[in-house]
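Listed here are the chains, written in short residue letters.
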Amino acid sequence: MFERLFGIRAQGSTPRTEILAGIATFLASMYIIVVNPTVLSDAGVPFSSALTATVLVSFFGSVMMGFYAKNPILVAPGMGINALFAYTMVLGAGMEWQTALGCVFWAGVIFALLAAFNARQLVIDAIPAQLRYAIACGIGLFITTIGLVNAQFIVPNPVTVVGMASLDPVLVTFLIGFAVTTCLVVRNVPGALILGIVFTTLASVPIGRLWGDGSRYFPEDLASSTLVNFNGIFAMPDLSGLMALDLWGSLSVAYWPFIFVLLFTTFFDALSTFMGVSEAGNLKDADGNPRNIRRSMIVDASAALISGPLGTSPANAYVESAAGISQGGRTGLVAVVVAVLFLPFLFLSPLLSLVPAIATAPALILVGVFMMDPIRKIHWHQFDDAIPAFVAMVLIPFTYSITHGIAFGFLTFVIVKLAAGKTQEIKPTMWVLAALSLLLLEG
């Protein structure tokens, strides 16, 4: 059945490998089930309803990605864009959260139209290979940064901006988990990332019980000295956010800029994730483009479209999908496995507290290593190619935003090619992308 649905053998994989890859992707990204509702609750969205919406969007988006697009990529409410929703649109602009959900819906409608009419092909054709390689590497560095921040190995420092935290029992446990996971990867042990997560979780059980204090890894109102906590098993889903969006109020001219920013961010987050993950995992078609990109973009657009009615900020393809791809995942079965693993947490969300952030951090850091392979393809001795690639690659992690890193990469590419007298290398669509990037950055 799996072979008929997903063509696993044709992709050089096995059902066991695909299932393990799905588990790895889920473990690396399941934080979104709690983190997304936490962000949205700051904007007034009830935490429990946002959690229910997060699980439902992740389930439906990933199922569509698996069965329709046949790609091993998770779709879930995006990090970063949820902060835009909560802190810029609602808290910053004073918009009601129901109106903001309406903006999410209309941005999803436009995204779906762009995807259906194949607008992404114009964008892909306009982005030179050098920038694609850089975006893939930048996303890898971004994932590594997320892992280091989640482990609180990297912390703010008023003197040096960022720095390494002082070693304590929690960080020592993280470093031991990272070392064990690295050894498993080096020895090509099947399911190395999953085994590393399990090992680090078990090693974290004594923290707060026998030694150390894990309270700084939790929000103040949920602080606990123990890092691995059992908070029960069942919690009923909350459907109060279903269809709570304000469809017509969100069409006010004053809100059009927010709809544009949501559209721009979701479109480019999706496109850049597909390009980066496919480049790192060699999931490309005969023309060198991301595999099944049209269907993948349609799925991403559909997930963004249903996000507002379900009660959450827009969904996006997840860079953490690289965790499963790095474990050998090649087909849509990976995405279906992830979807199936999300669904029980409509009722079992308390179990998420069993896996601490320091347990998934080693996997995220190593995924960054796996995604750096395209860096060797960048023309480092040809500065009009190297400089835009470098800008995009480093600003993705440094700005903590895939979209902003790409926007600066586009602008730098146009400026550098103009300075080098190579305007023929700037395709018409790239001029449009650069102008849109400038508008986004000004916003």
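Above: the structure in question.
On a predicted model such as this, the values are computed, not experimentally measured, just so you know.

Conventions and cut-offs
Counting from 1, residues in each chain are numbered in the order their sequence is written. The predicted origin of the model limits local features to residues at a pLDDT of at least 70 and limits the giving and counting of side-chain atom pairs to 80 or more, whereas totals for whole chains, interfaces and linings rest on all residues. Side-chain measures were taken over the full set of non-hydrogen atoms in the model, leaving aside hydrogen atoms and water. By definition, any uninterrupted DSSP run of H or I lasting at least four residues is a helix, any uninterrupted run of E lasting at least two residues is a strand, and each is numbered from the N terminus. All radius of gyration figures rest on C-alpha atoms, and the globule criterion is 2.2 Å times the number of residues raised to 0.38. Exposure is judged per residue with a 1.4 Å probe applied to protein chains only, and the accessible area is read against the type maximum: over 50% gives exposed, under 20% gives buried, and values in between give partly exposed. Here, residues are in contact when the closest pair of their heavy atoms is within 4.5 Å. Each accessible area value is a Shrake-Rupley result obtained with a 1.4 Å probe; residue values ignore everything except the protein chains displayed when judging cover. Think of it this way: Lys and Arg go in the positive column, Asp and Glu in the negative one, and His and the chain ends go nowhere. Every charge is mapped to an atom, namely NZ of Lys, CZ of Arg, CG of Asp or CD of Glu. By nonpolar core is meant a set of buried Ala, Val, Leu, Ile, Met, Phe, Trp, Tyr and Cys residues that side-chain atoms within 4.5 Å join together. Here a strand pair is declared whenever DSSP counts at least two bridges between the two strands. Patches draw on residues past 30% relative accessible area with no salt bridge. Two like charges within 9 Å are joined, as are two nonpolar side chains (Val, Leu, Ile, Met, Phe, Trp, Tyr) within 5 Å. Salt bridges are defined as contacts in which a side-chain nitrogen from Lys or Arg sits within 4 Å of a carboxyl oxygen from Asp or Glu. The span one expects for a helix is its residue count, reduced by one, times 1.5 Å. Any Phe, Tyr or Trp ring, taking Trp's six-membered ring, that has another such ring centre within 6.5 Å forms a pair; planes under 30 degrees apart are called stacked, those over 60 apart edge-to-face, and the others tilted. Here an axis means a line fitted to C-alpha atoms, over the contact stretch when the element is a helix, while the angle between two N-to-C directions is reported on a 0 to 180 degree scale. Any angle that is under 35 degrees is reported as roughly parallel, and any over 145 degrees as roughly antiparallel; angles of 65 to 115 degrees are reported as roughly perpendicular and all others as oblique. A crossing counts as left-handed when the near helix is turned anticlockwise from the far one by less than a right angle, and as right-handed when that turn is clockwise. In the scheme used here, Gly and all other residues not listed as nonpolar or charged are polar, with Ala, Val, Leu, Ile, Met, Phe, Trp, Tyr, Cys and Pro taken as nonpolar and Asp, Glu, Lys and Arg as charged.

**Q** If you had to explain the overall build of the chain to someone new, which residues and values would you point to?
**A** Summing up its helical and strand segments, the chain has 19 helices and four strands in all. At 21 Å, the chain has a C-alpha radius of gyration in line with the 22 Å of a compact globule built from 443 residues. By its C-alpha atoms, the chain is 65 × 60 × 50 Å across when sized along the principal axes. Taken across its 443 residues, the chain has 56% of its residues classed as buried. In the chain, the proportion of contacts linking residues at least 24 apart, taken out of those at least 6 apart, comes to 77%. As displayed, the chain has an accessible area near 18,000 Å², and 69% of this comes from carbon and sulfur atoms. When the 19 positive and 22 negative side-chain charges of the chain are each reduced to one mean point, those points stand 14 Å apart.

**Q** Report on the side chain of Q130, specifying residues and quantitative values.
**A** Of note, Q130 is situated in helix 8 (residues 129-150). In contact with Q130, other than residues within four places in its own chain, are K377, I378, H379, D385 and A389.

**Q** Before we move on, could you go through the nonpolar core and cite the residues and values that matter?
**A** Among the nonpolar cores identified, the biggest contains 108 residues, and I33, M297 and M430 are the most heavily contacted of them. Among the elements that take part in this core, helix 11 (residues 256-281) stands out by supplying twelve residues, more than any other. Contact partners of I33, with chain neighbours within four places excluded, come to F26, L51, T54, V55, F342, F345 and L352. Judged by nonpolar contacts, the second largest core, of 13 residues, contains V170, L171, L227 and I358.

**Q** Before we move on, can you summarise the pairing of strand 2 (residues 154-157) with the specific residues and values?
**A** Both strand 2 and strand 3 (residues 161-164) contribute to a ladder of four bridges, which runs antiparallel. In the strand pairing of strand 3, N157 is matched with V161. In this structure, the hairpin formed by strand 2 and strand 3 is closed by a connection of three residues.

**Q** A description of the side chain of D300 should follow, citing residues and the corresponding values.
**A** Mapping D300 onto the fold places it in helix 12 (residues 293-310). The class for D300 is buried, based on a relative accessible area of 0%.

**Q** Let's hear about a nonpolar patch on the surface: which residues, and what values?
**A** Together, M164, L167, V172, L175, I176 and F199 make up an exposed nonpolar region whose accessible area comes to about 520 Å². Element by element, the count of residues in the nonpolar patch is highest for helix 9 (residues 169-186), at three residues.

**Q** Can you explain helix 16 (residues 357-370)? Please cite residues and give values.
**A** Compared with an ideal rise of 1.5 Å per residue, which puts 14 residues at 20 Å, helix 16 spans 20 Å between its outermost C-alpha atoms and is within 8% of the ideal. Along helix 16, eleven of the 14 residues are buried, which leaves the element largely enclosed by surrounding structure. Within helix 16, the full set of buried residues consists of I358, A359, T360, A361, P362, A363, L364, I365, L366, V367 and G368. Elements in contact with the buried residues of helix 16: helix 2 (15-29), helix 8, helix 9, helix 10 (192-204) and helix 13 (321-326).

**Q** Give a detailed account of the packing of aromatic side chains, specifying residues and quantitative values.
**A** Under the definition given, this model contains ten aromatic pairs. Plain terms: the ring middles of F142 and Y400 are 5.2 Å apart, the flat faces sit at 85° to each other, and that makes the pair edge-to-face. You can see F142 sitting in helix 8 and its partner Y400 sitting in the loop between helix 17 (383-398) and helix 18 (402-419), a full 258 residues away along the chain. Centre to centre, the rings of F153 and F174 are 5.9 Å apart; their planes meet at 50°, and the pair counts as tilted. Taken together, the residues span a long stretch of sequence, with F153 in the loop between helix 8 and strand 2 and F174 in helix 9 at a distance of 21 residues.

**Q** Explain unusual backbone geometry to me, and be specific about the residues and the numbers.
**A** One non-glycine residue, K70, lies in positive phi territory at about 60°. Considering the arrangement of structural elements, one finds K70 in the loop between helix 4 (47-69) and strand 1 (75-77).

**Q** Describe the packing of helix 8 against helix 18, and please don't skip the residues or the numbers.
**A** The interhelical angle for the contact between helix 8 and helix 18, taken along N-to-C directions, is 150°, at an axis separation of 11 Å. Considering the angle they form, helix 8 stands roughly antiparallel to helix 18. Here helix 8 runs over helix 18; the crossing is right-handed. Contact residues: helix 8 offers L131, I135, I139 and F142, while helix 18 offers I402, I406, G409, F410 and F413. Along the lines of polarity and charge, the residues of the contact of helix 8 with helix 18 split into eight nonpolar, one polar and no charged.

**Q** Residue-level account of the packing of helix 9 against helix 16, with values.
**A** The interhelical angle for the contact between helix 9 and helix 16, taken along N-to-C directions, is 45°, at an axis separation of 9 Å. For the element pair helix 9 / helix 16, the angle class is oblique. Viewed along their axes, helix 9 and helix 16 form a crossing whose handedness is right-handed. Facing helix 9, whose interface residues are V170, T173, F174, G177, F178, T181, T182 and V185, helix 16 presents I358, A361, P362, I365, L366 and F370.

**Q** Now, about helix 12: what can you tell me, with residues and values included?
**A** Between its first and last C-alpha, helix 12 extends 25 Å over 18 residues, near the 26 Å set by a 1.5 Å rise per residue. Within helix 12, 13 of the 18 residues are buried, which leaves the element mostly enclosed by the surrounding structure.

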